[in-house]
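Working through the structure, step by step
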Amino acid sequence: MTDTDYGHDLLFGTFVTPVNQPATQAVDLAVVSDRAGLDLVTFQDHPYQPRFHDTWTLMSYAASRTSQIHVSGNVLNLPLRQPAVLARSAASLDVLSGGRLELGIGAGGFWDAIAAMGGRRLSPGQAVEALEEAITVIREVWAADRPGPVRVDGKYYRVHGAKRGPKPPHDIGIWVGAYKPRMLRLIGRVADGWLPSLAYLPGGPADLAELNRHIDGAAAGAGRDPAQVRRLLNVGGQFAPTGRAFLDGPAEQWAEDLAGLTLEYGISGFVLATDDPYTIELFAAEVAPATRELVAAERGATAPVGVRPA
Amino acid sequence: MNYGHPLEFGTFVTPTGEDAVALARRSEELGYDLVTFQDHPYQPAFHDTWTLMSWVAGQTERIHIAANVLNVPLRQPAVLARAAASLDLLSGGRFDLALGAGAFWDAIEAMGGRRLEPGEAVDALSEAIDIIRGLLDAGEPDPLRFDGEHHKLDGAERGPLPRHHIPIWLGAHKRRMLRLLGRKADGWMVTAGYLKPGEFRAGNKIIDEAATEAGRDPAEIRRMLNIGGTFTDQRQGFLQGPPEAWVDDLLPLVVEDGVGTFILMSDDAATLERFARDVAPALRAAVDRALPAPLPTGSFRSAAVRAKRRDGVDYDGVPRSLAELAVEPGDIDFSRVRSNYLRGGNPGIVLRPRSTAEVAEALAFARRHPDLPMGVRSGGHGVSGRSTNDGGIVIDLGFLDGVEVLDEATRRVRIGPGARWKQVAAALEPYGWALSSGDYGGVGVGGLATAGGIGFLGRKHGLTIDHLRAVEMVLADGSTVRASGTENADLFWAVRGAGANFGIVTSFEFEVDEVGEVGWAQLGFVASDTSGFLRRFGEVASSAPRDTTAFLVMGPPRRGQPAVAQLYGMVDSGDPDTVIAQLQPFARMAPMFQQQVVIAPYAAVMGMAPDAEHQGRGEPISRSAFIREITPEFADAAERLLHSGVVFFFQLRTVGGAVADVDPDATAYAHRDAGFSVVAMGVDRERLDRLWDGLSEHFDGLYLSFETDQRPERVADAFPPRTLGRLRELKGRYDPDNVFRDNFNIRPLTGGEES
Ligand SMILES: Cc1cc2nc3c(=O)[nH]c(=O)nc-3n(C[C@H](O)[C@H](O)[C@H](O)COP(=O)(O)OP(=O)(O)OC[C@H]3O[C@@H](n4cnc5c(N)ncnc54)[C@H](O)[C@@H]3O)c2cc1C
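Just so it is clear, the model here is predicted, and its values are computed rather than measured.

Overview of the pairing of strand E7 (residues 152–156) of chain B
Residues and elements named next belong to chain B.
- The pairing of strand E6 (residues 144–147) with E7 spans four bridges and is antiparallel. When the bridges of E7 are listed, Asp147 appears paired with Lys152.
- The hairpin formed by E6 and E7 contains four residues between the paired strands.

Re the UniProt feature "domain: Luciferase-like" (unreviewed entry) in chain A
- Annotation from UniProt places "domain: Luciferase-like" (unreviewed entry) at residues 15–235 of chain A.
- With 38% helix and 17% strand, residues 15–235 of chain A has its two end C-alpha atoms placed 9 Å apart.

What to know about the interface of chain B and chain A
- Across the contact, 44 residues belong to chain B and 48 residues belong to chain A.
- Of the roughly 3,700 Å² buried at the junction of chain B and chain A (both faces included), carbon and sulfur atoms supply 58%.
- One can count one salt bridge joining chain B with chain A.
- A salt bridge links Arg51(A) to Glu157(B), with the nearest nitrogen and oxygen atoms 3.7 Å apart.
- The tally of links from chain B across to chain A stands at 19 residue pairs in polar contact (both at pLDDT 80 or more).
- Secondary structure elements with two or more residues in the side of chain B that touches chain A: helix H2 (49–59), helix H3 (77–90), helix H4 (105–110) and E7 of chain B.
- Classifying every residue of the side of chain B that touches chain A by side-chain character gives 21 nonpolar, 12 polar and 11 charged.

A short note on the sheet that holds strand E29 (residues 647–654) of chain B
Residue and element names in this part refer to chain B.
- Read across the open sheet, the seven strands follow the order E27-E24-E26-E25-E29-E30-E28; overall the sheet is antiparallel. Both edges of this open sheet fall to strand E27 (592–601) and strand E28 (621–627), since each of them pairs with a single strand only. The average angle at which neighbouring strand axes cross in this sheet is 15 degrees, direction not considered.
- Most of the contacts of helix H21 (residues 632–643) go to E29, to which it runs at about 150 degrees, and overall it touches strand E25 (548–554), E28, E29 and strand E30 (676–682).
- Packed onto the sheet, helix H23 (residues 685–693) meets E28, E29 and E30 and runs at close to 10 degrees relative to E28.

A look at the layout of surface pockets
- Approximately 1,400 Å³ is the volume attributed to the second largest pocket.
- What lines the second largest pocket is a set of 41 residues, and nearest its centre among them are Asp276(A), Tyr278(A), Thr279(A), Gln596(B) and Met608(B).
- Among the elements of the structure, helix H1 (25–35), strand E11 (238–239) and helix H9 (277–302) of chain A together with helix H14 (421–428), strand E24 (517–526), E27 and helix H20 (602–606) of chain B are those that each provide at least two residues to the lining of the second largest pocket.
- Among the elements that take part in the lining of the second largest pocket, E27(B) stands out by supplying six residues, more than any other.
- Split by residue class, the lining of the second largest pocket holds 22 nonpolar, 13 polar and six charged.

Focus: the packing of helix H3 (residues 83–96) of chain A against H2(B)
- Running from N to C, H3(A) and H2(B) cross one another at 30 degrees; their axes reach a closest spacing of 8 Å. What the angle tells us is that H3(A) and H2(B) run roughly parallel. The two elements H3(A) and H2(B) meet at a crossing, and its hand is right-handed. The residues of H2(B) that touch H3(A), namely those facing Ser89(A), Ser92(A), Leu93(A) and Leu96(A), are Thr51(B), Leu52(B) and Trp55(B).
- For the contact of H3(A) with H2(B), the residue count by class is four nonpolar, three polar and no charged.

So, how was this worked out
- Residues numbered from 1 in each chain as written.
- Chains lettered and ligands numbered in written order.
- Predicted model: local features only at pLDDT ≥ 70, side-chain atom pairs only at ≥ 80, totals over all residues.
- Heavy atoms only, no water.
- Pairing = 2+ DSSP bridges.
- Helix = DSSP H or I, 4+ residues; strand = E, 2+ residues; numbered from the N terminus.
- UniProt positions renumbered as here; feature names shortened; annotations may be inferred.
- Contact = heavy atoms within 4.5 Å.
- Buried area = accessible area lost by both parts, 1.4 Å probe.
- Salt bridge = Lys/Arg side-chain N within 4 Å of Asp/Glu carboxyl O.
- Polar contact = N/O pair within 3.5 Å; in protein donor to acceptor, adjacent residues only side chain to side chain.
- Nonpolar A, V, L, I, M, F, W, Y, C, P; charged D, E, K, R; others polar.
- Axes fitted to C-alpha atoms, helices over the stretch in contact; angles between N-to-C directions.
- 1 Å grid on protein atoms, 1.4 Å probe; cavity = no way out; pocket = protein on both sides within 12 Å on 5 of 7 lines; lining within 4 Å.
- Points joined across faces, edges and corners; volume = space filled by probe spheres on them.
- Parallel < 35°, antiparallel > 145°, perpendicular 65-115°, else oblique.
- Left-handed = near helix turned anticlockwise from the far one by under 90°.

Listed below in structure tokens is the structure:
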């Protein structure tokens, strides 16, 4: 294991566009992802966008139509979702789905559109603070075993005296989509995962090293093991008979490209943006196992796996 | 009094654990119309109701789902609107929106919600209703702005359009809420146990008055009562007794107080079953006996919907069989059915028959409106065919979309006009069969199979109509006939090329071909020397073996860039070497900037068309012609046309081969000797006509399906004299009143005329 491989088991998932016409296309692709044996199906959340489904509704419905796969927002728009209600909704969906919910969440970005929907406009700095408060609220609501009601007297969210619970049946991962140092430090302090998109990294995969460092530093500063933060990555690509570029080539090349991301940058969740069933099947059937093999071989050769998977 | 709503039954299930889901499914099995859940987001013993409703929607198929009622103070109204539309779309139109103003303010505040006084809460709910309705009104073009006391929206985009009209019901007790309900809502939800004697009737009165003051018909508001009780052998009180006693208790509530929905509050499966089995049907029967007329079954159109009706359409005279599925301008489905793929429409009514008999009824209805335009629509991809219109009647055959194998040995298949070619291809694929259609799987069967069908398997297998063996159709006089080589043979002749003029085909019988996987190529060429390129294409495409059919698409060259051409070609062979060999001559025509060649089922090629609703706007402007070959003169002229800036889409479809094997007199599609069908589309009708008319020396007739010009000469271009003469004579026989005139109208030959 190299320095920046955090040793997590690998997850493979899809990033499906939540279009609402045809109405069940996104659900059908979730079902394809589930049957193909992928670990995760995720949907972006833009409540101001009328061509998309409401992501919470879609996630709940898709979870109801699948059996193994985990579902997550990628990522949920916090400013338009009430954190205490979201916490209970998440717990509910985790109960109903038998522990298949993960909570991908973001601070919000398109403030004009958020305000147009009646949401509160925040500055980027405020949005980070609000997200941290929301994560506290969510964790407090889930902590059903702690005594007394929830009391979070935040600047943005005040939850005072709400009952705790329900307790989710599995440890729901709170995964945050982020790129800027302040958000990355927040992730290091309080999140279970980091979920950026490769396409948004101006320097490509090489940027991951620097971004990881922010997270790792903040985690250590908060007394956490950096391996408590799983690193996931939204990727795009295409299958081609011959290798042409990163994630543009045959499945074997994809596996090498992805294994490289695991071994060099500790990425342990690959979320493929696609709405094509055939690509989903190929990703699950050929890329996922080959990547796992490459990573296992390399990890076995360098060091025993020493950290627990988040 | 009774308000005339069909009587419905629902359940009220406690939203906890797995049981809630099981009871919802049981409610569906037992035939309930609705399952409802209370919503208390501050209560950790309960599921989040929205999540639960979404989950239940995924586990059921028929039953409607609603809250009873949603806690609006903890739900953001704009997000709620979109979520409601989503759930309605996902569930296939099964979500109803029941809202409450909120009650437990300590708990709401503890969750981070804002504490409101009761009066404020009613106002906030009223604003929320306006926001929800405003956002769901996806037909409105402008973004929604809302400047309320409690909620502000600063230009939110509207939509999505739900699957069905989502009714808004309110949980209400007090006068202010009841008045709000009368003004704005579609239903009243209240729990019997919380009402004092006489309160229900008093509530109705407040609602009715408020509705009337707001210019509404009180009958628009459904009255819904949550009830609880126990089945016992002996009557012990209200809803405490045997089923007959329950019926006695509930009957006056329907007949005298107008309850339209009873919602049984119980988590006991046996009670739900007993009620469904022994109370609901008996109550329905008792209500029908007690009321002067049986309750209606169709949909109820509100004053707001009726206000959008068009002049001249006898809406109230729509035959009963068609009324339920008919769509008029105020209906939620209108935006889904008004337009075509390429054409905007605004019809007065869309009738959607489900059988041949209903087609005949629809036609009879349309004929009672001789002055209104009538469109016959199958897949809505008409270019020449005006299958939608403004203010008229559309007979939409979308529900007649079956694909059925009649005889495997002879590959005889029956296909409904409303099927799309992608559906047909998908249904035939498992048999190893295909039927050559066109280049786009979204096109409908009805329009294409009555006109010709120039497709990717054409040079090998001929036109779509060449595979037609029989049709069933409804004629202008309302009669239903079969036409084939032996029955009404002259009609069968006319249907194959000019079918739109003779009636409404309600089913087609084809003999389809054995077709395995095919080679499918998309090649992008740099066609800087456009004329030379077109000439080479002409030579290669027309001299290719018959298994190869190629279509070419070009647009105007972009500023500063070379002209490009996109070739779409099919080789009827699953053998990669054959496919490559047949494509080689094409590949040598010019430098390629892109190439994709796959071996795939014909169905996969057709399947590339998305399943989107038609949102066409305006009128397509398209001209069409046949040419025998691509002469140097035509190639030069085409290059000039492409450089004119008038044409944004130019296409050559190769015909010949098997198409030309058929005798020109064998069908009403007579231009068998054509080498290519040419299409040009533009945005300026006059300019396109001027340029196109100037090319006429190159043309030899036209394929009517791509022509939008309505000058009378075009009919003669589509049909050579002998064909046209026979068509006019037959038109005089089968449609003397010229009922069918929406597509290349052939004037009927009347007795006095020379043919
Ligand atoms: C994107 C696109 C691609 C196309 N590609 C091809 C192609 O490759 N080859 C080809 O041959 N054509 C092609 N066409 C033309 C197409 O075949 C015609 O426009 C055809 O009329 C569409 O059929 P429809 O049922 O979808 O249209 P509709 O709009 O439903 O109907 C068009 C007209 O057909 C008549 N009609 C419809 N149903 C019936 C019926 N049941 N009985 C009698 N008359 C009826 C009516 O006059 C109606 O106005 C294409 C059109 C489009 C828009």
